[in-house]
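# A structural walkthrough
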Amino acid sequence: ITTRLQREMAALIQRQAIEPLLAVSTVQIPADLLAEHCSASLWSLVSWWLRNDFPKSIEEIGHIYWQLINQSFLQTLGIRELEEIGEETREEENT
């Protein structure tokens, strides 16, 4: 069950996050490899959270996951902060 759930999470992460980011990345890393990495990290974080009797809220866990993955992931892909990209896109739309 664990392996199947992690595979399903990886597939979802790949479709909804990895593939769009790879479209703007200059680095060529297989999408399925990146998705497996993110899925394994998420699974480990959730397992820790459960083993420790929910010491943080689900919102805090989501924020921690984002902090753990965001910087290293975007840096590896050669992508600036998503907020910066969003701001530039909004500026271009307004001109």
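In what follows, the structure referred to is the one given above.
The terminal C-alpha atoms of helix H3 (residues 58-77), which comprises 20 residues, lie 27 Å apart, in line with the 28 Å expected from a rise of 1.5 Å per residue. In H3, a bend of some 30° at asparagine 70 exceeds every other bend along the element. Of all the residues in H3, the buried ones are Ile61, Tyr65, Ile69, Asn70, Phe73, Leu74 and Leu77. Just downstream of H3 lies glycine 78, where phi reads positive at about 75°.

Right, let's talk about the environment of glutamine 14 for a bit. Structurally, glutamine 14 is set in helix H1 (residues 2-23). With 24 residues separating them along the chain, glutamine 14 and cysteine 38 place their C-alpha atoms 9.0 Å apart. Once you skip the residues sitting within four places of it in the chain, glutamine 14 turns out to touch Glu19, Pro20, Ala31, Asp32 and Ala35.

Helix length check: helix H2 (residues 31-51) (21 residues) gives 30 Å between terminal C-alpha atoms against 30 Å at 1.5 Å per residue, within 8%. Among all positions of H2, only Ala31, Leu34, Ala35, Cys38, Ser39, Leu45 and Trp49 are buried. Buried residues in H2, looked at end-on, bunch into an arc of 130°, giving them a common side. Facing away from the buried side of H2 by over 90 degrees, the exposed positions are Leu33 and Arg51. Aspartate 53 lies just past H2 and shows a positive phi near 55°.

What counts and what doesn't
Residues numbered from 1 in each chain as written. Predicted model: local features only at pLDDT ≥ 70, side-chain atom pairs only at ≥ 80, totals over all residues. Heavy atoms only, no water. Helix = DSSP H or I, 4+ residues; strand = E, 2+ residues; numbered from the N terminus. Expected span 1.5 Å × (residues − 1). Bend = angle between axes of the 7 residues up to and from the residue. Buried < 20%, exposed > 50% of the residue type's maximum accessible area, 1.4 Å probe, protein only. Contact = heavy atoms within 4.5 Å. Arc of directions from axis to C-beta.

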